[in-house]
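# Structural characterization, general
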Amino acid sequence: MTYQETYQVWKDALTGTEYEAELALTAKSTETLQDSFYKEMEFGTAGMRGIIGMGTNRMNIFTVKRATQALANNILAHGDPTAGVAIAYDTRKNSDLFARETAGVLCANGISVFMYDTPHSVPQLSFTILELKTTAGVVITASHNPPEYNGYKVYGDDGGQCPVADSDRITQYISQIDDIFHIESMPLDEAERKGLLTYIGKDLDEIYFKKVEALCIHPEIIKQQADKLNIIYTPLHGTGNIPVRRVLKDLGVDNLHVVPGQEHPDPAFPTVKAPNPEERQCFDLAIELANQKDANLILATDPDSDRLGVAIRNTEHEFVILTGNQIGCLLMDYVLSQKQKTFSGDEFVVKSIVTSDMVDVIAKHYGVELRSVFTGFKFIAEQIKLSERTGKGKFIFGFEESYGYLQGAFVRDKDAVQAAMMIAEAACWYHSLGRTLYEALIDIYEKYGWFEELVVSKTLYGKEGIEKIQNAVRLLRDKYPEKIGDFHVIAVRDYLKQERFDMSTGKAEPIDMEQSNVLYFELDGGRFIIRPSGTEPKLKSYLSAFSMDRQQAEYQLDQLKVSAVNLIDKLTE
Ligand SMILES: O=P(O)(O)OC[C@H]1O[C@H](O)[C@H](O)[C@@H](O)[C@@H]1O
């Protein structure tokens with residue numbers, strides 16, 4: 001069917017209903033109409049995510065109900081329907097509505113639902129799945145995307161993001177549903193009466209808070225030092241506000257100032273361009289407050305509170321916004337150094353292949369195994385599950401450069417509540433030694449080497465944008481460049497072809513990993529990795545330059561940045 005024909009089907013079905021006016025909005029421009037109807041929403045790195053509105057390629061009650069019916073079919077055929085499904089939602093537009101629609105469809109299929117009735121974070125939902133032993137979980141959130149987006153994240157019974165096999169089957173079930181407008185749903189009061197729907201009480205929050213607090217390695221140091229530090233926190237209008245403040249308060253962090261204009265939920269996220277701690281602009285109000293309060297540490301969590309951003313003062317007393325790699329390396333080095341004495345030799349840490357190579361050096365330094373996985377926290381969760389199943393390995397820490405960190409395996413996704421606590425603890429620890437977090441960061445660079453890193457992304461919207469992104473990676477794959485700027489390419493790891501190609505010998509060796517559309521260029525003095533994002537319309541490239549000399553590494557990264565930007569522009573012309 002063409003997009004115009006699909007639109008006509010929706011028009012026929014929705015004329016005379018409360019959705020008619022919203023549907024008419026999509027027809028206002030050809031571009032919007034095409035983008036809304038040219039395809040079905042897909043399950044990517046982290047489920048389904050898209051712009052809110054009418055259409056097959058939009059987040060609306062029809063696409064949500066269809067995804068839920070497909071999830072129900074998958075649970076009925078391959079899961080444990082009696083164990084039920086846990087549901088949470090964030091502070092975005094329609095998140096609560098979509099959560100209720102999800103509950104209604106699951107209950108209509110006879111599947112029990114345990115649902116939060118106030119906004120909750122992603123890590124709390126992951127924890128809930130494990131705590132209540134449900135067969136799956138759903139969170140309505142578009143994480144750090146701009147306000148016009150929402151999403152539908154599915155979790156498996158291990159509390160991790162839905163495994164690929166399940167999302168493939170869900171996609172398959174979605175394609176078998178012909179009539180998106182008549183999916184059966186049970187009114188929630190009826191579901192409650194029948195015992196199919198249970199609202200989750202505050203007791204689970206309390207268990208989660210206690211578990212996070214128990215991860216604190218030196219609670220006594222926090223108690224001693226916290227009043228000497230002034231910390232600013234912004235939940236960026238999201239779900240972090242309650243758990244982050246509660247955990248820090250319980251541990252004795254009383255000097256926590258919350259950015260007033262960003263404290264309360266607001267689906268329009270009016271104070272930021274996008275509520276993403278990767279964006280520097282998110283820190284503007286927090287830095288203003290930090291300067292008023294003479295604070296030295298800023299914490300920022302995204303709307304579903306799985307990502308944490310951090311800003312610290314440098315030796316010139318100016319704020320430096322840390323990258324995800326810097327935060328992760330600081331945390332990992334802190335956790336490993338403090339726990340080292342307890343290690344028995346089977347400990348492991350996990351990172352994604354696009355995350356800093358400094359992790360490899362830190363892991364080696366402390367004698368722990370490093371496991372590398374593809375982008376997506378589900379792959380980190382998979383390693384935890386594997387270690388539990390085989391009894392091999394003890395998970396200590398996992399992180400992704402995309403601002404996601406995890407220490408306690410009672411959660412199987414990135415947890416900004418844990419991470420906020422860990423950073424506050426590390427700040428207190430270093431303060432007790434007369435060091436700032438900034439000095440601790442410089443120390444680790446001097447110890448392990450200067451890994452200078454940068455993510456260069458290009459956002460390309462719509463059908464044409466997606467094609468350009470795919471095409472850019474294809475072009476690079478068709479003919480590997482011998483040089484990227486002035487950097488010689490030593491080898492290319494093509495994770496789609498599952499081989500590493502040595503440029504000097506012309507020989508390829510197999511890579512023992514699943515397939516993924518990622519190209520990894522090993523450079524003389526650095527690396528360049530490129531892949532289409534699985535969650536946003538972006539072509540993402542990860543640049544890294546390494547030297548034991550700071551200026552040399554910084555210079556090389558600058559050079560690499562210029563070449564990468566040129567290359568990406570050329571590939572997406
Ligand atoms: O690079 P992308 O495919 O957009 O993924 C970036 C990140 O998106 C989400 O936050 C996922 O939960 C992460 O696990 C992933 O690393």
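Here the structure is a predicted model, which means the values were calculated and not measured.

For the rest of this paragraph, the subject is the overall build of the chain. In terms of regular secondary structure, the chain is built from 19 helices and 23 strands. Scaling as 2.2 N^0.38, a compact globule of 573 residues should have a C-alpha radius of gyration of about 25 Å, and the chain matches this with 24 Å. With the C-alpha coordinates aligned to their principal axes, the bounding extent of the chain is approximately 65 × 55 × 50 Å. In the chain, buried positions account for 50% of the 573 residues. For the chain, the proportion of contacts with a sequence separation of at least 24, taken over those separated by at least 6, is 71%.

To continue, consider the pairing of strand E18 (residues 487-494). Taken residue by residue, a regular strand's side chains alternate between the two faces of the sheet. Inspection of the sheet shows strand E17 (residues 483-484) paired to E18 by two bridges, in the antiparallel sense. Paired with lysine 483 across the two strands is histidine 488, which belongs to E18. Once E17 ends, the chain turns through two residues before running back antiparallel as E18, passing glycine 485 with a positive phi of about 60 degrees. Sheet topology note: the E18/strand E21 (residues 519-523) ladder contains five bridges and is antiparallel. Note that in E21 the partner of arginine 493 across the bridge is tyrosine 520. Bridging between E18 and strand E19 (residues 499-502) involves four bridges; their strand directions are antiparallel. By the bridge assignment, aspartate 494 is partnered in E19 with glutamate 499. Counted between consecutive antiparallel strands, the loop separating E18 from E19 contains four residues, among which glutamine 498 sits at a positive phi close to 55 degrees.

So, on to the sheet that holds strand E7 (residues 231-234). Spatial strand order, E8-E7-E9-E10-E11: five strands in an open sheet with mixed pairing. For this open sheet the edge positions go to strand E8 (256-258) and strand E11 (319-321), each flanked by a neighbour on one side alone. With direction set aside, neighbouring strand axes in the sheet form an average angle of 25 degrees. The pairing of E7 with strand E9 (residues 297-301) spans four bridges and is parallel. Residue pairing for E9: isoleucine 232 is matched across the bridge by isoleucine 298. The sheet contacts of helix H16 (residues 416-432) involve E7, E9 and strand E10 (308-313), and relative to E9 the element is tilted by about 175 degrees.

Quick look at the packing of helix H4 (residues 61-78) against helix H7 (residues 164-176) now. For the pair H4 and H7, interaxial distance at closest approach is 8 Å and the crossing angle is 120 degrees. What the angle tells us is that H4 and H7 run oblique. The element H4 and its partner H7 pack so that their crossing is right-handed. Residues Arg66, Ala67, Ala70, Leu71, Asn73, Asn74 and His78 of H4 lie in contact with H7, whose contacting residues are Asp166, Arg169, Ile170, Tyr173 and Ile174.

Right, let's get into helix H12 (residues 284-293). Regarding H12, the residues found buried are Ala286, Leu289 and Ala290. Looking down the long axis of H12, one finds its buried residues gathered within 105 degrees of arc, a one-sided arrangement. In H12, the exposed positions that point more than 90 degrees away from the buried face belong to Asn291 and Gln292. A positive phi of about 50 degrees marks aspartate 294, the residue just after H12.

Right, let's get into the domain arrangement of the chain. Each assigned domain of the chain is listed with its residue range as follows: domain 1 (39-201), domain 2 (207-448) and domain 3 (452-571). Between the C-alpha centres of domain 1 and domain 2 the distance comes to 28 Å. Taken together, the contact pairs 28 residues of domain 1 with 33 residues of domain 2. Examining the composition of the side of domain 1 that touches domain 2, we find that seven residues originate from one element, helix H6 (residues 122-132), more than from any other. For the side of domain 1 that touches domain 2, the per-class residue count stands at ten nonpolar, 13 polar and five charged.

Turning our eyes to something else, we now look at the environment of asparagine 94. Structurally, asparagine 94 is set in the loop between strand E2 (85-89) and helix H5 (95-108). Classification of asparagine 94 as partly exposed rests on a count of 17 C-beta atoms within 10 Å. Sequence separation between asparagine 94 and proline 267 is 173 residues, and the spatial gap between their C-alpha atoms is 8.7 Å. Residues within four places of asparagine 94 in sequence aside, it is in contact with Ile52 and Asn150.

Right, let's talk about the environment of glutamate 5 for a bit. In this structure, glutamate 5 sits in helix H1 (residues 3-14). Glutamate 5 sits in the exposed class, given 9 other C-beta atoms within 10 Å. Sequence spacing of glutamate 5 and tyrosine 38 is 33 residues, and the spatial spacing of their C-alpha atoms is 9.7 Å.

Bringing the UniProt feature "domain: Alpha-D-phosphohexomutase alpha/beta/alpha" (unreviewed entry) in the chain into the picture now. As recorded in UniProt, the sites labelled "domain: Alpha-D-phosphohexomutase alpha/beta/alpha" (unreviewed entry) are residues 41-178, 208-311 and 323-448. The span residues 208-311 carries 33% helix and 15% strand; its end-to-end C-alpha distance comes to 26 Å.

Closest axis-to-axis distance for the helix H13 (residues 324-339)/helix H14 (residues 358-365) pair is 10 Å, and the angle between their directions is 5 degrees. The orientation of H13 relative to H14 falls into the category roughly parallel. Of H14, the residues touching H13 (which contributes Cys329, Met332, Asp333 and Leu336) are Met358, Val359 and Ile362. Here the contact of H13 with H14 is composed, by residue class, of six nonpolar, no polar and one charged.

Okay, the sheet that holds strand E5 (residues 149-155) next. Taken in spatial order, the six strands of this open sheet run E1-E5-E4-E2-E3-E6, and their pairing is mixed. Every other strand in the sheet has two partners, leaving strand E1 (48-51) and strand E6 (197-199) as the edge strands with one partner each. On average, adjacent strands in this sheet sit at an angle of 15 degrees to one another, irrespective of strand direction. Looking at chain direction, strand E3 (residues 113-115) and E6 are connected through three bridges and run parallel. Across the sheet, the residue bridging to phenylalanine 114 is threonine 198, located in E6.

So, how was this worked out
Residues numbered from 1 in each chain as written. Predicted model: local features only at pLDDT ≥ 70, side-chain atom pairs only at ≥ 80, totals over all residues. Helix = DSSP H or I, 4+ residues; strand = E, 2+ residues; numbered from the N terminus. Rg over C-alpha atoms; globule rule 2.2 N^0.38 Å. Buried ≥ 20, exposed ≤ 12 C-beta atoms within 10 Å, placed from the backbone. Contact = placed C-beta atoms within 7 Å. Pairing = 2+ DSSP bridges. Axes fitted to C-alpha atoms, helices over the stretch in contact; angles between N-to-C directions. Parallel < 35°, antiparallel > 145°, perpendicular 65-115°, else oblique. Left-handed = near helix turned anticlockwise from the far one by under 90°. Arc of directions from axis to C-beta. Domains from an automatic or database assignment. Nonpolar A, V, L, I, M, F, W, Y, C, P; charged D, E, K, R; others polar. UniProt positions renumbered as here; feature names shortened; annotations may be inferred.

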